[in-house]
Amino acid sequence: MTAPDAFARQSALDRLTAHAPFLARLAELNPDDVTRFLADGTDAALADVAPPPVDDDIMRSLRLWRGRMALLLALGDLSGEHDVRATTRLLSDFADRACDSALAAAFAERVPGEEPRGLSVIALGKLGSHELNYSSDIDPILIFNPDTLPRRSRDDPGEAAVRIARRMTEILSARTGDGHVLRVDLRLRPHPEVTPIVLPESAAISYYESEALAWEQAAFIRSRASAGDRALGEDFLAAIQPFIWRRSLDFRQLKEIGAMSDRIRDHFAQGQAFGPGFDLKRGRGGIREIEFFAQVHQLIYGGRDPSLRVPATVDALAALAAVGRIEPDVATRLSGHYATLRRIEHRLQMIEDQQTHCLPTQEAALDCVARLDGETDGAALLAMLEPVAADVGACYDRLVAERAVTTGLPRDEGGLATHLVAAGFDPPDAALRTIAEWRGGKLRALRSPAALDALETVLPELVRALGAAPDPQAALTRFDKLVAGLPSAVGFFHLLAAQPELAKIATRTLSLAPTLADALGARVELIEGLIDKRAFEAPAAKAELLAEWEAGLAGLDYERLLDRVRDRVGERRFAYGVQLIAGATDPLAIACGYSELAEAALQLLADATVAEFVEAHGRIADSELVVLALGRLGGRALTHASDLDLIYLFTGDHLAESDGPRPLGATTYYNRLAQRVTAAMSVPTAAGKLYDVDTRLRPQGAQGPLVVTLDSFERYQREEAWTWEHMALLRARPVYGSDAAKAAVQTVIGDLLAIPRDAGRIAADAAGMRDKIAAHKPAKGALDIKGGPGGLVDLEFAMQVTQLVSGRCHDPNIAAALACLKAAGLAPAAVCDAHGLLARMLVMLRLTAPEGEPPTAAARQLVASQCGEPGWPQMLAAHDAARQEIANWWASIRPAQQETKP
C-alpha cells in the first residue's frame, strides 16, 4: 500500500466517523471490514462480503449484509477508489442480488423445493439503469406467467403470485432492529390503485401496447429484467419494445414529458432557488433535468437509431453526442455535472441513511455535508455547486425553449386576415375560408377537442411556413388535402409544432412537388424521417444502407420484412426528393442514390425470398440466381418514379434438381423463385408499393421464360438477339448474386459487346427501332425530356450505336460512357454537358411536373437552379441548345435511308 492510498483511506474513515452517524455506527459493528479496507482497499474488502444463504433468518442476514455493503461502498466512494459510476453500479448489483435472495426465500416458504421461476422483477428508474444511490427506493414492476409459476395445488395463479410478491417486498422493506434492505415502491405498475401488485405478463403487454401514458414510455427507457425469472422479464421487455421505441413518434408525448418537468419545478418551488435547501434532484439545474434532457432526445431519435437505446444517463449523453444529436461539449459538461450532483446527493444520504435530496438549510448541517465530501465548509460546497446547477439549468432551459409554443392566431376574421396578409396570403380570402373550415371541424381529422387544440398550437407556425412557400395558396390547398386524408391530425400537428423547420420543409414540398405531396398524403409519418439530420446528407451507398438497416430488420418474419423494407425505402426516397426540393444536392447524385437504394432493397428482399424458398424446396448444387439490371438501374440513374428493368438468370445445370422436402427441377425452381422475388419487390402490402418491375427485356421478351441459364442467355444473345437487345446490354449490370456469379455474367456481357459489328447494319437497325418508338410513343410536349428530337432517347441511340460499332466505352453509366467516347474522339465535345442538363431536368421534372406538363411558376426557378441556370428563360435556351446538339449527333449517325426491320 502506498502512502497516498493509506492517507486517502484514513481520511475517508475519519470523515465518515466525524460527519456520518449512520456509517459510523456501521463501522463500529463491522471492525473487521474497516481493518481490511484500510489495509487492502475497497475491492479486497468487498470480496470478503458474500450474499447470505437463503435460510430461516433471511430477514436479519440480508440486513447485516446490506450494512456491510453500505459501509464499504461509502468508504470506497469517500476515498476516491470508486467513482460515482462504479459506486452506483455496485449499489445496483447489490439490489439485484438482494431481490433474488428475497424472492428465493418467498418461494421457499410458499412452495418448498421449487426454483424461483414464472415471476420476474422489471427494474425501472435508477435501478433499471444501474445508477442506484445510497438510500434510494427501488421502483420495480412485477410480472408473472400463470403457466410456469410454481404454486400449491389449490392456489389460484394470481393469488399465489401476489402472496410471493408481497412476502418478497416484506423481506426487503420491513424495518427491524437491524434496519431495512431496500425500500420497494410498486406504484409504477399500471393503474396501481386497482391492480394487484404483480400482473400477468399478457395483461401487462396489452396495457403497454394500448393504454400507457407518456411518462410510462419515458420510464421504460431505463428498464431491464433485474431479478427473478430473467428470461420471462426479457421476453416481456422485447414484446413492448415498439411501445418504448416508436419510429413514428407522437410529439404529444414529448409535450407531456416536458409538462411533467414543469410541474415538478412548480411543485418543488421551494427547492428551485440555489442555496441552502436546494433540491439536488428536482431543483432547477438538478439531477432530474439532466436525466430528462437525455431522455427527451432518446425518445425523439431512439426509435430510428438503436445506438441511442442505452439506459444509463451518462451513456445516453455520450451516444447522443456520438451521432450528432447534441453537441459533444454539452454531453461532456452534463456528464461531469451529473457525477458531481450524484456525489453530493450520496453525501446527504450517507449521514443518516435518509432518502433526501435537499441541501440542509441550517449552517451546521450544511457544513457537515461539505466536510464529509472534503470541502472546508458549507459556503465552499455551495460555491462549487452553483455553476454546476446554473449550467444544467441553462441547458435544460434551451431544450424547453425549443419546444415552446407561440401564441395562437386571432379568431376574429379581421385580425386573422391581417396576420395572413403579413404571412404572404394576399388576398387572404381563400386562406380565411380554409382556416375557418379547420376550426369548424369540417374535416374528419379535426373533429376532436384534442385535434382542435393541436391545430391552434401549430397554426401560427403553420401559417408562417405556408406563407413563405413559393406558392402559398397552392401549398395551403395541398396541405388541406393532406389533412383531409388523415384519420386524426393530432400527432401530425404536434410534430410540426415541436419541429418548426419540418413545417417549412413540408410546406415547400407541398408547394413544389406533387409527387412528394401524394406520398406524404399516403404516409404522413414520412415527414418524421426528416427529423434525422442524416436525411440531408449525401445519398448513401448500398453497403451503408444495409449496415444502417441491419439492426432494425434482424429477426423479422418474411411478411413483416416486406413491410419494413417498404417503410425504409419510402422514407429514404422521400428524403432524397426533399433534398432536391431544398436545392441541397445535385440531381445526378440523387439519381445515383435512388439506384443504390433500389439495389439495397433488392439485396434484402431477394436474400429473404431465397431463404424462405430454400426451406420448402432446398438448394440446387453449384447453382444460384443472378439478377441483371438494365436501363436506368443498370446505369445507376433512377428517377423518383423509375421502374426496374431486370433479367433473371441462373448458373449451373438446367437438368439438376433441388434437394429440399419438395424438390423441383432447376428451370421450374428458378422461375418460381424469380416470380417471388418480383412479387417481393413490386406487390403492394400494408406499407404500400415498392417498385414496378419490368422483365420484358429478357430473351424472347414476354413470350419467353422468366428465367434462363447463363449459357442459354449467352447463346440467345449470340444467335437470335436483335440489335436493340445488344444496345440494351450496354446498360446491363449484375446486381444480385455471389461475386463469382456476377463476375461470370459480366464476362459474358463483355464478350457479347466485343463482337465485331457491321457499322451500316447497326445504324440502320437502330434508326428503324427509333422510328418505331417515335410512332408508338410520340413526345408529350416540348419538355418531354426523353422523347422528341434531340431528347435522351436520341442521345442513347447515338451513344449505343457508337459503342457497339467502336467496341469501346462499355460503361453502363451514360455520363461515364459519354466522357469516355468524348476522350476517344468518338462523340462531340458538347454532348456531355447536353446530357448533364437533360438528365438533371428529367430528375427534377419527375418531381415537380410528373404528368409531363410544364412545372408551376413557383417550381420553375427551382428546376432552373438545380440544372445550373440562373432562371427559367435561360434554362429553356440551354435546353433547346442541348437538344440541338444531340439531334445533330444522332443525325450524323443514322443513315439517310434505313432498313424497316430492326
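Owing to the predicted nature of the structure, the values given are computational and were not obtained by experimental measurement.

J.: Explain the overall build of the protein chain to me, using residue names and the numbers behind them.
T.: The helix and strand inventory of the protein chain stands at 39 helices and 9 strands. When the backbone C-alpha atoms are referred to their principal axes, the protein chain occupies close to 110 × 75 × 65 Å. By residue count, 56% of the 902 residues in the protein chain fall in the buried class. Taking the intrachain contacts of the protein chain between residues at least 6 apart in sequence as the baseline, contacts between residues at least 24 apart amount to 73%. Counting only carbon and sulfur atoms, one obtains 52% of the accessible surface of the protein chain, whose full area is about 37,000 Å². Where the 97 positive side-chain charges of the protein chain centre and where its 121 negative ones centre are 3 Å apart.

J.: Any details on the sheet that holds strand 3 (residues 198-200)? Residues and values, ideally.
T.: Spatially, 4 strands are ordered 3-2-1-4 in an open sheet, and the strand pairing comes out mixed. Edge positions in the open sheet fall to strand 3 and strand 4 (224-228), since each of these has one partner strand only. Across the sheet, the mean angle from the axis of one strand to that of its neighbour is 35°, orientation sign disregarded. Looking at chain direction, strand 1 (residues 119-123) and strand 4 are connected through 4 bridges and run antiparallel. In the strand pairing of strand 4, S120 is matched with G228.

J.: Go over the nonpolar core with me, naming the residues and quoting the values.
T.: Grouped together as the largest cluster of nonpolar side chains are 272 residues, with contacts concentrated most on L359, W438, F479 and F493. In terms of residue count, the dominant contributor to this core is helix 28 (residues 587-617) (14 residues). With near-sequence residues (within four places) excluded, L359 lies in contact with G275, P276, G277, F278, L280, I344, L348, L366, L381, L382 and L385. The next biggest cluster of nonpolar side chains, apart from the first, holds 21 residues, and it includes Y208, F220, L232 and L237.

J.: Tell me what's going on with the pairing of strand 6 (residues 644-650), and back it up with residues and numbers.
T.: Judged by how many residues are buried, strand 6 sits mostly within the fold: 7 of 7 residues are covered. Alternating positions in strand 6 separate into two faces, L644, L646, Y648 and F650 on one and D645, I647 and L649 on the other, with burial throughout. Bridge analysis of strand 5 (residues 625-630) against strand 6 gives 6 bridges, and the strand direction is antiparallel. If you follow L628 over to strand 6, its bridge partner there is I647. Alignment of strand 6 against strand 7 (residues 693-694), held across 2 bridges, turns out to be parallel.

J.: Break down the state of the cysteines for me, with residues and values.
T.: Overall, the coordinates contain 1 disulfide when judged by the stated rule. Here C809 is linked by a disulfide to C820, with a sulfur-sulfur distance of 2.1 Å. Residues C809 and C820 share a disulfide whose torsion about the S-S bond is about -70°; that sign makes it left-handed. Separated by 11 residues along the polypeptide, C809 in the loop between helix 35 (792-806) and helix 36 (814-823) and C820 in helix 36 bring together distant segments of the chain. In this structure C809 comes out as buried when scored by relative accessible area, which is 11%. C820 sits in the partly exposed class, given a relative accessible area of 33%. Residue C592 stays outside any disulfide, its sulfur separated by 17 Å from that of C832, the closest cysteine. By relative accessible area, C592 is classed as partly exposed at 28%. Residue C832 stays outside any disulfide, its sulfur separated by 10 Å from that of C820, the closest cysteine.

J.: Explain the packing of helix 5 (residues 58-79) against helix 8 (residues 157-173) to me, and be specific about the residues and the numbers.
T.: Running from amino to carboxyl end, helix 5 crosses helix 8 at an angle of 50°, the nearest separation of the two axes being 9 Å. The angle between helix 5 and helix 8 falls in the class oblique. Across the interface between the two elements, I58, M59, L62 and R63 from helix 5 touch R167, E170, I171, L172 and S173 from helix 8. A breakdown of the residues in the contact of helix 5 with helix 8 according to their chemical character gives 5 nonpolar, 1 polar and 3 charged.

J.: Any details on the layout of surface pockets? Residues and values, ideally.
T.: Its boundaries defined by the atoms lining it, the largest pocket holds a volume of some 1,800 Å³. Here the lining of the largest pocket is built from residues that sort into 21 nonpolar, 8 polar and 17 charged.

J.: Pulling in residues and values, what's your account of the environment of A379?
T.: Within the element layout of this structure, A379 appears in helix 18 (residues 378-402). A relative accessible area of 54% places A379 in the exposed class.

J.: Can you explain the environment of R222? Please cite residues and give values.
T.: For R222, the position within the fold is in the loop between helix 10 (214-219) and strand 4. Relative accessible area serves as the criterion here: at 10%, R222 is assigned to the buried category. Each C-alpha atom, one on R222 and one on S129, is 5.1 Å from the other, the two residues being 93 residues apart in sequence. The residues contacting R222, other than those within four sequence positions of it, are A123, L124, G125, K126, G128, S129, E131, E291, Q295, P311 and T313. Within the structure, the side chain of R222 is placed 3.4 Å from the side chain of E291, a separation counted as a polar contact.

J.: So what about the confidence of the model for the protein chain? Which residues, and what values?
T.: Overall, the prediction assigns the protein chain a mean pLDDT of 90, with 95% of residues at 70 or greater. Per-residue pLDDT stays below 50 along residues 897-902; that stretch engages in 15 contacts with residues further than four places along the chain or on separate chains.

J.: Any chance you could break down the packing of aromatic side chains for me, citing the residues and the numbers?
T.: Scanning the model with the defined rule gives 17 aromatic pairs in all. Relative to Y670, the ring of Y669 has its centre 5.0 Å away and its plane inclined at 75°; by these criteria the two rings are edge-to-face. Exposure remark for Y670: the relative accessible area of 2% places this residue in the buried category. A network of ring pairs unites the aromatic residues Y207, Y208, F220, F236 and F243 as a single cluster. The ring of Y691 carries the charged tip of R573 above its face, separated from the ring centre by 4.8 Å.

J.: An account of the pattern of salt bridges is needed here, citing residue identities and associated values.
T.: Using the criterion set out here, one finds 44 salt bridges in the structure. Linked through salt bridges whose partners overlap, the residues forming this network are K126, E131, R222, R288 and E291.

J.: Help me get a handle on helix 5, residues and values and all.
T.: For helix 5, which comprises 22 residues, the first-to-last C-alpha distance of 31 Å matches the rise-based estimate of 32 Å (1.5 Å per residue) to within 8%. Positive phi appears at G80, one or two residues downstream of helix 5, with a value of about 85°.

J.: For the side chain of E131, give the residues involved together with the corresponding values.
T.: You can see E131 is positioned in the loop between helix 7 (125-128) and strand 2 (141-144). The class for E131 is buried, based on a relative accessible area of 6%. One polar contact links E131 to S129, side chain to side chain, over a distance of 2.5 Å. A distance of 3.4 Å separates a polar atom in the side chain of E131 from a polar atom in the side chain of R222. Apart from the residues within four sequence positions on either side, E131 is in contact with T88, S92, K126, R222, P311, A312, T313, V314, Y338 and R342.

J.: Let's hear about unusual backbone geometry: which residues, and what values?
T.: For the peptide bond that leads from D426 to P427, omega is 10°, which places it in the cis range. Positioned with a positive phi, H130 is a non-glycine residue whose angle comes to about 60°. With respect to the helices and strands, the residue H130 is situated in the loop between helix 7 and strand 2. When its relative accessible area of 17% is taken as the criterion, H130 is described as buried.

J.: Hey, could you go over empty space enclosed by the protein for me, with residue numbers and the actual values?
T.: Gaps left between atoms are located by rolling a probe of water-molecule size over the structure's atoms. Taken as a whole, this structure holds 5 cavities of 30 Å³ or more when the rule is applied. The computed volume of the largest cavity comes to approximately 130 Å³. Lining the largest cavity are 16 residues, and of these R66, L91, F94, Y134 and L182 sit closest to its centre. Put simply, the parts of the chain that give the lining of the largest cavity at least two residues each are helix 5 and helix 6 (84-110). Per-element tally for the lining of the largest cavity: the top contributor is helix 5, with 4 residues. In terms of residue class, the lining of the largest cavity is made up of 10 nonpolar, 4 polar and 2 charged.

Calculation rules
The numbers attached to residues start from 1 for each chain and follow its sequence in the written order. Only residues with pLDDT of at least 70 get local features here, since the model is predicted, and only at 80 or more are side-chain atom pairs given and counted; chain-wide, interface and lining totals rely on the full set of residues. Each side-chain value is worked out from all heavy atoms of the structure, with water and hydrogens disregarded. Per the convention used, a helix needs a DSSP run of H or I reaching at least four residues, while a strand needs a run of E reaching at least two, with both numbered from the N terminus. Buried, partly exposed and exposed residues are distinguished by accessible area as a fraction of the type maximum, computed with a 1.4 Å probe on protein chains only: under 20%, between the cut-offs, and over 50%, respectively. Should any heavy atoms of two residues lie within 4.5 Å, those residues are counted as being in contact. Residue-level accessible areas treat just the shown protein chains as cover; the underlying method is Shrake-Rupley with a 1.4 Å probe. For the purpose of counting charges, residues Lys and Arg are taken to be positive, whereas Asp and Glu are taken to be negative. His and the chain ends are not included. Charged groups are reduced to one reference atom each: NZ for lysine, CZ for arginine, CG for aspartic acid, CD for glutamic acid. Between any two strands, at least two bridges found by DSSP are needed for them to pair. Working convention: axes come from line fits to C-alpha atoms, limited for helices to the stretch in contact. Angles between N-to-C directions cover 0 to 180 degrees. In this text, buried Ala, Val, Leu, Ile, Met, Phe, Trp, Tyr and Cys residues form a nonpolar core when linked through side-chain atoms within 4.5 Å. Working definition: a disulfide is two cysteine sulfur atoms within 2.5 Å of each other. Note on angle classes: values under 35 degrees are labelled roughly parallel, values over 145 roughly antiparallel, values of 65 to 115 roughly perpendicular, and the remainder oblique. Gly falls in the polar group here, along with every residue not listed as nonpolar (Ala, Val, Leu, Ile, Met, Phe, Trp, Tyr, Cys, Pro) or charged (Asp, Glu, Lys, Arg). Of the grid points, spaced at 1 Å and generated over the protein atoms alone, those admitting a 1.4 Å probe that cannot get out make up cavities, while open sets with protein on both sides within 12 Å along at least five of seven lines make up pockets; any residue with an atom within 4 Å of a point is treated as lining. Grid points are joined across faces, edges and corners, and a volume is the space filled by probe spheres set on the points. Here a polar contact means two N or O atoms within 3.5 Å. Within protein one must be a hydrogen donor candidate and the other an acceptor candidate, and residues neighboring in sequence count only if both atoms are side-chain atoms. The quantity known as pLDDT measures the predictor's confidence residue by residue, on a range of 0 to 100. Only Phe, Tyr and Trp rings take part, Trp by its six-membered ring, and two of them pair if their centres are within 6.5 Å. Stacked means planes under 30 degrees apart, edge-to-face means over 60, and tilted covers everything else. A ring has a charge above it when a Lys NZ or an Arg CZ is no more than 6 Å from the ring centre and no more than 35 degrees off the ring normal. Salt bridges are defined by distance alone: a side-chain nitrogen of Lys or Arg within 4 Å of a carboxyl oxygen of Asp or Glu. Given the number of residues in a helix, its expected span is that number minus one, multiplied by 1.5 Å.

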